[in-house]
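Okay, here's what each chain looks like letter by letter:
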Amino acid sequence: NTQPKSIIVIFGATGDLAKRKLFPSIFRLYKENKLSEDFAVVGVARRPWTNDELRSNVKKSVEKLQSENADVEKFASHFYYQPFDVTDVASYQQLNHLLSDLDKQYNVPGNRIFYLAMAPEFFGTIASNLKDEGLTSTEGWSRLVIEKPFGHNHPSAKQLNEQIRQAFNEDQIYRIDHYLGKEMVQNIEVIRFANALFEPMWNNQYISNIQITSSETLGVEDRGRYYESSGALRDMVQNHMLQMVALLAMEPPIKLTPEEIRSEKVKVLRALRKMDVTEVDDYFVRGQYGKGIVEEQEVQAYNEEQSVDPDSNTETFVSGKLMIDNFRWAGVPIYIRTGKRMKEKSTEIVVQFKDLPMNLYFNKGKNIHPNLLVIHIQPDEGITLHLNARKADSAATSTPIKLDYCNNCGDKMNTPEAYERLIYDCMRGDATNFTHWDEVSLSWEFVDTISQAWADKKADNFPNYESGSMGPKESDALLAKDGFHWWNIS
Ligand code: BG6
């Protein structure tokens, strides 16, 4: 069914995520005819808004996406608002009535998506109340979409999971990792498994190391309170970075079903080499931004930001070396790096192939350049293959050349938003690009050792990187120890 019918309930509809991502994504689905006219969105939140207030907010948030074939007024008329107290059962009963009425009005067979885009402390309460008050007992299906953070560490994630599992089955739970909705992240599998050229070489015989960088130019903005208790490790590594590692390192699935793909990813996470708290410094580096210049603007240090402790021990940068102890990857380091207030906004994967056994060609006295496969996730979407060839007019006997493929060069607006894909997947019941509990659980276990080491021992050199740089020098040293360096490609 290409036009799935359902009602979407957004908890936290007055919030930032709804405005920035969810409304525009739903609008794009509508514009592309992926939603029939038979849909409704119910926004709930604490504020005493009316339908009209929500609708005018929705209209504002999709203004830029307007085009002739989509009537914004009509689109917004599918939105309803209900002021909501998540701890009060009366709110759920009232919502249930509204949903039943909308089912009739829009011809929806009781299919419901409950999207939790709000403070995580209420996830469990909401899930149980939805079940207890009968909102999930309809003729159709009910699905729960959960935004991060999914817990704060392994024990809290487990507790949260147990709580929501009392109300929803694993296959009804859609845990969002928006990186999995990105075009080029989804492309990792295709590049790997649809090319005879790469897959035979995708192992420790031919690959020397893999580097994943996700750098941001933004600071913490107004999220200081959340970020102080999170830091880059929980905010980016536990989810987005480890998900990319899993996709790069997994075995080919026997089928492209959610179960098969997720079970291959789980195996990678199980094979991650565990560290002892005392070994963390050998594998991981943390950083915190000081003041500096980013995109030609002077910016302040992290510890001067709003709601941030001037003596904060929170990391805004992480780089690390992961080892996957299995047959395919034994001995191949996978380096990851992510941080705020870095030089540019970019996410990129570099696969560095091993040097040839013997070098016959020289590039002006230098060794030949290693072959690299670069997967550009954002802002550019594409792949670049770095090769060596002879250039007619050059004195060198070999010169690095690049083969480029750009996926979004024509029209950046054409690539669907990550959230657009994920909402559509959820409506169609495809959980492939959502994280299974087993993945979340293993990722937390891995990350918990690092957070513990960092909580136990306060960083004595924060802030240790200048805003606008590529992170602290220790991050370069981490690779230099192994005889490598970061490829800053874009
Ligand atoms: C979010 C983090 O999950 O990902 C943010 O909470 C971060 O801190 C964001 O800025 C990065 O996402 P993207 O899509 O801009 O790379």
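- The protein chain goes by Glucose-6-phosphate 1-dehydrogenase in an unreviewed UniProt entry, where it is assigned to Priestia iocasae.
- Under the UniProt heading Pathway (unreviewed entry), the note attached to the protein chain is "Carbohydrate degradation; pentose phosphate pathway; D-ribulose 5-phosphate from D-glucose 6-phosphate (oxidative stage): step 1/3."
- The UniProt entry for the protein chain carries this comment under Function (unreviewed entry): "Catalyzes the oxidation of glucose 6-phosphate to 6-phosphogluconolactone."

### Some words on the overall build of the protein chain
Here is step 1: Looking only at helices and strands, the protein chain features 14 helices and 17 strands.
Here is step 2: Rg of the C-alpha trace for the protein chain: 24 Å, near the compact-globule value of 23 Å for 490 residues, within the 12% margin.
Here is step 3: Overall, the C-alpha framework of the protein chain stretches about 75 × 50 × 45 Å when taken along its three principal axes.
Here is step 4: By residue count, 56% of the 490 residues in the protein chain fall in the buried class.
Here is step 5: A sequence separation of at least 24 residues applies to 77% of the contacts in the protein chain between residues at least 6 apart.
Here is step 6: Carbon and sulfur atoms make up 49% of the accessible area of the protein chain, which totals about 22,200 Å².
Here is step 7: The positive charge centre, built from 56 side chains, and the negative charge centre, built from 70, are 3 Å apart in the protein chain.

### As for the sheet that holds strand 12 (residues 333–339)
Here is step 1: Strand order across the open sheet formed by eight strands is 8-11-12-7-13-14-15-16, with mixed pairing between neighbours. Strand pairing shows two members of the sheet lacking a second neighbour, strand 8 (284–287) and strand 16 (399–406), which therefore form its edges. Neighbour to neighbour, the strand axes of the sheet diverge by 15 degrees on average, direction disregarded.
Here is step 2: Here helix 13 (residues 437–456) sits on the sheet in contact with strand 8 and strand 11 (317–323), set at roughly 55 degrees to strand 8.

### Describing the site of the ligand
Here is step 1: Inspection of the region around the ligand gives Lys 148, His 178, Tyr 179, Lys 182, Glu 216, Arg 223, Asp 235, Met 236, His 240, Lys 340, Lys 345 and Gln 378 as its neighbouring residues.
Here is step 2: One nitrogen or oxygen atom from the side chain of Arg 223 is found 2.8 Å from an oxygen atom belonging to the ligand.
Here is step 3: Within the side chain of His 240, one N or O atom sits 2.7 Å away from an oxygen atom of the ligand.
Here is step 4: Burial of the ligand by the surrounding chains reaches 81%, relative to a free accessible area of 400 Å².
Here is step 5: Among the elements that take part in the shell around the ligand, helix 9 (residues 231–249) stands out by supplying three residues, more than any other.

### Focus: unusual backbone geometry
Here is step 1: For the peptide bond that leads from Lys 148 to Pro 149, omega is 0 degrees, which places it in the cis range.
Here is step 2: As for its position among the elements, Pro 149 is in the loop between strand 5 (142–146) and helix 6 (154–165).
Here is step 3: Here Glu 295, not a glycine, exhibits a phi torsion of approximately 45 degrees, which is positive.
Here is step 4: Inspection of the secondary structure assignment puts Glu 295 in the loop between strand 9 (289–294) and strand 10 (297–299).

### Examining the pattern of salt bridges
Here is step 1: Under the counting rule described, the total for this entry stands at 26 salt bridges.
Here is step 2: Lys 59 is the salt-bridge partner of Glu 73, the closest N and O atoms lying 3.1 Å from each other. Taken together, the residues Glu 73 in helix 3 (residues 72–76) and Lys 59 in helix 2 (residues 51–62) connect sequence positions 14 residues apart.
Here is step 3: Residue Lys 59 is classed as partly exposed on the basis of its relative accessible area of 25%.
Here is step 4: Notably, a salt bridge pairs Glu 439 with Lys 265, separated by 3.0 Å at the nearest N-O pair. On the criterion of sequence distance, the pair formed by Glu 439 in helix 13 and Lys 265 in helix 10 (residues 258–271) is long-range, its members being 174 residues apart.
Here is step 5: Lys 265 sits in the buried class, given a relative accessible area of 1%.
Here is step 6: Residues joined in a network through salt bridges with shared partners are Arg 192, Glu 199, Glu 251 and Arg 328.

### Structural notes on helix 6
Here is step 1: Between its terminal C-alpha atoms helix 6 stretches 16 Å, which fits the 16 Å expected from twelve residues at 1.5 Å a residue.
Here is step 2: His 154, Ala 157, Leu 160, Asn 161 and Ile 164 are the residues of helix 6 that are buried. Each buried residue of helix 6 sits inside an arc of 130 degrees when the element is viewed along its axis, so together they form one side. Relative to its buried face, helix 6 has exposed residues pointing more than 90 degrees away, namely Pro 155 and Gln 159.
Here is step 3: Among the structural elements, helix 5 (123–132), strand 5, strand 6 (173–175) and helix 13 are those in contact with the buried residues of helix 6.

### As for the pairing of strand 5
Here is step 1: For strand 5, a buried count of five out of five residues is recorded, marking the element as mostly surrounded by other parts of the structure.
Here is step 2: Residue alternation in strand 5 divides its side chains into two sets, Ser 142, Leu 144 and Ile 146 and Arg 143 and Val 145, and both sets are buried.
Here is step 3: Note that strand 4 (residues 112–116) and strand 5 share five bridges and pair parallel. Residue pairing in the sheet places Phe 114 in a bridge with Leu 144 of strand 5.
Here is step 4: Taken together, the three bridges between strand 5 and strand 6 define a ladder with parallel strand orientation. Each bridged residue has a counterpart across the sheet, and for Ile 146 the counterpart in strand 6 is Arg 175.
Here is step 5: With helix 6 bridging strand 5 and its parallel neighbour strand 6, the resulting β-α-β unit is right-handed.

### Some details on the state of the cysteines
Here is step 1: Per the counting criterion, the structure on display carries one disulfide.
Here is step 2: Two residues share a disulfide in this structure: Cys 406 and Cys 409, whose sulfurs sit 1.9 Å from each other. Judged by the sign of its S-S torsion, about 100 degrees, the cystine formed by Cys 406 and Cys 409 is right-handed.
Here is step 3: A relative accessible area of 55% places Cys 409 in the exposed class.

Scoring rules and cut-offs
Residues numbered from 1 in each chain as written. Predicted model: local features only at pLDDT ≥ 70, side-chain atom pairs only at ≥ 80, totals over all residues. Heavy atoms only, no water. UniProt positions renumbered as here; feature names shortened; annotations may be inferred. Helix = DSSP H or I, 4+ residues; strand = E, 2+ residues; numbered from the N terminus. Rg over C-alpha atoms; globule rule 2.2 N^0.38 Å. Buried < 20%, exposed > 50% of the residue type's maximum accessible area, 1.4 Å probe, protein only. Contact = heavy atoms within 4.5 Å. Areas by Shrake-Rupley, 256 points an atom, 1.4 Å probe, with all protein chains shown as cover. Lys, Arg positive; Asp, Glu negative; His and termini not counted. Charge placed at Lys NZ, Arg CZ, Asp CG, Glu CD. Pairing = 2+ DSSP bridges. Axes fitted to C-alpha atoms, helices over the stretch in contact; angles between N-to-C directions. Near = heavy atom within 4 Å. Polar contact = N/O pair within 3.5 Å; in protein donor to acceptor, adjacent residues only side chain to side chain. Salt bridge = Lys/Arg side-chain N within 4 Å of Asp/Glu carboxyl O. Expected span 1.5 Å × (residues − 1). Arc of directions from axis to C-beta. Right-handed = clockwise from strand over helix to strand, strands pointing away. Disulfide = S-S within 2.5 Å.

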